[in-house]
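Next come the chains, spelled out residue by residue.
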Amino acid sequence: MEEPSVPISERQLFGLDGKVALVTGASKGIGEEIARLYARFGARVVVSSRRQSSVELVAAGIRKAGGEATGIAAHIGDSDQLRHLVDRTVALYGGIDILVNNAATNPVFGPAVDCSSVAFDKIMQVNVKAAFELAKMVFPVMKKQGRGSIIMMSSIAGQTPDPGLGIYSVSKAALNMLTKVLAREWGPDGIRVNAICPGLIKTKFSQALWDDEAILGRFVNHLPIPRMGSVEEISPLALFLASEASSYCTGSFFYADGGTNI
Ligand SMILES: NC(=O)c1ccc[n+]([C@@H]2O[C@H](COP(=O)([O-])OP(=O)(O)OC[C@H]3O[C@@H](n4cnc5c(N)ncnc54)[C@H](OP(=O)(O)O)[C@@H]3O)[C@@H](O)[C@H]2O)c1
């Protein structure tokens, strides 16, 4: 196999110039930070979550900072809204190069035995089925382009169950397998599929775990890096996986967890 003869500049390696990125759950937390970083590296970003006013706000902030972004609301549990999200993105920007399946839900905290079947279905619908549906809708667009990067926002809980987050952990384990399945099937079409597995990150989603010092201590005190992480410590992984720098990575899990996984 021949080595590339022209040295690739850093901008080419990590740059997203002209690429179109669709990020779900981008009105706050990890998704918002990913959307902002992608725009800083040249991508045209579609910012999505349930509320139009929230996604407008993030998109406007990106544009004010000199980037290109559009807010398109979609409840990811609703197939019609997902269809609209994909069609509008393609109509606006002409394609989709990067999909970040980031939005997720966890309506319950406690022993798995107390999780109702309604809550179970909701967790699976939003965290697993919606990610699959959206990836499936984006697939023909990426296949036609001959390239694409799909990033699943998983969790360390997908490997080791988080206390009190049993069925959420099941959903992230399923998302991990979905990552591998799609990576294997879509690789020949030039589409890479990888997952990011954060540890405890300070966002609204995890507030119940860091609001209380005692609970937070149980999660982080034993870690090699004995603190929770920030959204800025997750977004660079998403940049790597979206860019040419990760061109040989697919079906893999990338951890940023302070060493939880050791
Ligand atoms: N924070 C952590 O410690 C941690 C650890 C491991 C993994 N993760 C994963 O990281 C991802 C992002 O979490 P986060 O911590 O950044 O959470 P967050 O700050 O609460 O943000 C969640 C985002 O998802 C959107 N959202 C929620 N339900 C949605 C739905 N049904 N349809 C569309 N959008 C929806 C929310 O916007 P609206 O409410 O406006 O719709 C928001 O933009 C999730 O997949 C989570 O499982 C987080």
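Note: the structure precedes this text.
The present account deals with the structure reproduced in this document.

Procedures and definitions
Residues numbered from 1 in each chain as written. Predicted model: local features only at pLDDT ≥ 70, side-chain atom pairs only at ≥ 80, totals over all residues. Heavy atoms only, no water. Salt bridge = Lys/Arg side-chain N within 4 Å of Asp/Glu carboxyl O. Helix = DSSP H or I, 4+ residues; strand = E, 2+ residues; numbered from the N terminus. Expected span 1.5 Å × (residues − 1). Near = heavy atom within 4 Å. Polar contact = N/O pair within 3.5 Å; in protein donor to acceptor, adjacent residues only side chain to side chain. Areas by Shrake-Rupley, 256 points an atom, 1.4 Å probe, with all protein chains shown as cover. Nonpolar A, V, L, I, M, F, W, Y, C, P; charged D, E, K, R; others polar. 1 Å grid on protein atoms, 1.4 Å probe; cavity = no way out; pocket = protein on both sides within 12 Å on 5 of 7 lines; lining within 4 Å. Points joined across faces, edges and corners; volume = space filled by probe spheres on them. Buried < 20%, exposed > 50% of the residue type's maximum accessible area, 1.4 Å probe, protein only. Pairing = 2+ DSSP bridges. Right-handed = clockwise from strand over helix to strand, strands pointing away. Axes fitted to C-alpha atoms, helices over the stretch in contact; angles between N-to-C directions. Parallel < 35°, antiparallel > 145°, perpendicular 65-115°, else oblique. Left-handed = near helix turned anticlockwise from the far one by under 90°. Contact = heavy atoms within 4.5 Å. Core = buried A, V, L, I, M, F, W, Y, C linked by side-chain atoms within 4.5 Å.

1. Some remarks on the pattern of salt bridges
Then, in step 1: With the rule as written, the count across this model stands at five salt bridges.
Then, in step 2: Close ionic contact of aspartate 87 with arginine 83 constitutes a salt bridge, the shortest N to O distance being 3.2 Å. Here arginine 83 and aspartate 87 lie together in helix α4 (residues 79-93), a separation of four residues that amounts to about one turn.
Then, in step 3: Residues aspartate 189 and lysine 143 are paired through a salt bridge, measuring 3.5 Å at the closest nitrogen-oxygen approach. Taken together, the residues aspartate 189 in the loop between α6 (166-186) and β6 (191-198) and lysine 143 in helix α5 (residues 117-145) connect sequence positions 46 residues apart.

2. Comments concerning α5
Then, in step 1: Along its 29 residues, α5 runs 40 Å from first to last C-alpha, staying within 8% of the 42 Å computed at 1.5 Å per residue.
Then, in step 2: Positioned one or two residues after α5, glycine 146 has a phi angle of 80°, which is positive.

3. Considerations on the site of the ligand
Then, in step 1: Taken together, 28 residues surround the ligand, and among them Ser27, Arg50, Asn102, Tyr168 and Thr203 come closest.
Then, in step 2: Interatomic distance of 2.7 Å between a side-chain N/O atom of arginine 50 and an oxygen atom of the ligand.
Then, in step 3: Interatomic distance of 3.4 Å between a side-chain N/O atom of histidine 75 and a nitrogen atom of the ligand.
Then, in step 4: Within the complex, the protein chains bury 95% of what would otherwise be the 900 Å² of accessible surface of the ligand.
Then, in step 5: Sorting the residues of the shell around the ligand by element identifies α2 (29-40) and α6 as the ones contributing at least two each.
Then, in step 6: Each residue belonging to the shell around the ligand can be placed in one class, and the counts come to 12 nonpolar, 11 polar and five charged.

4. Looking at empty space enclosed by the protein
Then, in step 1: With the rule as written, the count across this model stands at one cavity of 30 Å³ or more.
Then, in step 2: Quantified by volume, the largest cavity comes out at close to 70 Å³.
Then, in step 3: Lining the largest cavity are 13 residues, with Asn101, Ala103, Val126, Asn127 and Ala131 sitting closest to its centre.
Then, in step 4: Mapped onto the lining of the largest cavity, the elements with two or more residues apiece are α5 and α6.
Then, in step 5: Considering each element in turn, the lining of the largest cavity owes the most residues, four residues, to α5.
Then, in step 6: Counted by class, the lining of the largest cavity contains eight nonpolar, four polar and one charged residues.

5. Describing the pairing of strand β5 (residues 148-153)
Then, in step 1: Taken across its six residues, β5 has six buried, putting it largely inside the fold.
Then, in step 2: As judged from the four bridges shared by strand β4 (residues 98-101) and β5, these two strands associate in the parallel manner. Its bridge partner being in β5, isoleucine 98 is matched across the sheet by serine 149.
Then, in step 3: The β-α-β motif built from β4, the intervening α5 and the parallel element β5 has right-handed crossover chirality.

6. Some details on the sheet that holds strand β3 (residues 68-71)
Then, in step 1: On the basis of which strands lie adjacent, the open sheet formed by seven strands has the order β3-β2-β1-β4-β5-β6-β7 and parallel pairing. Bordering the open sheet on either side are β3 and β7 (253-256), each of which pairs with just one other strand. When the angles between neighbouring strand axes are averaged without regard to direction, this sheet yields 20°.
Then, in step 2: Summarising the sheet, β5 and β6 pair through six bridges and their orientation is parallel. Its bridge partner lying in β6, isoleucine 151 is registered against asparagine 194.

7. Looking at the side chain of threonine 179
Then, in step 1: Inspection of the secondary structure puts threonine 179 in helix α6.
Then, in step 2: Polar side-chain contacts of threonine 179 include one of 2.8 Å to the backbone oxygen of leucine 175.

8. Here we look at the packing of α2 against helix α3 (residues 52-64)
Then, in step 1: Two elements in contact, α2 and α3, have axes separated by 10 Å at closest approach and are oriented at 25°. Compared by their axis directions, α2 and α3 come out roughly parallel. Seen from above, α2 lies across α3 with right-handed handedness. Every residue of α3 that contacts α2 at Glu32, Ala35, Arg36 and Ala39 is listed here: Val58, Gly61 and Ile62.
Then, in step 2: Along the lines of polarity and charge, the residues of the contact of α2 with α3 split into four nonpolar, one polar and two charged.

9. Looking at the nonpolar core
Then, in step 1: If you look at the biggest cluster of nonpolar residues, it comprises 34 residues, and the most contacted ones within it are Ile34, Tyr38, Val45, Val47, Ile98, Ile151 and Ile196.
Then, in step 2: Those elements that place two or more of their residues in this core are β1 (20-23), α2, β2 (44-47), α3, β4, β5, α9 (235-242) and β7.
Then, in step 3: Filtering out sequence-adjacent residues up to four positions away, isoleucine 151 remains in contact with Tyr38, Ile98, Leu99, Val100, Asn101, Asn194, Ile196, Ala238, Leu241 and Ala242.
Then, in step 4: Residues Ala74, Ile76, Met142 and Ala195 belong to the second largest nonpolar core, which totals 32 residues.

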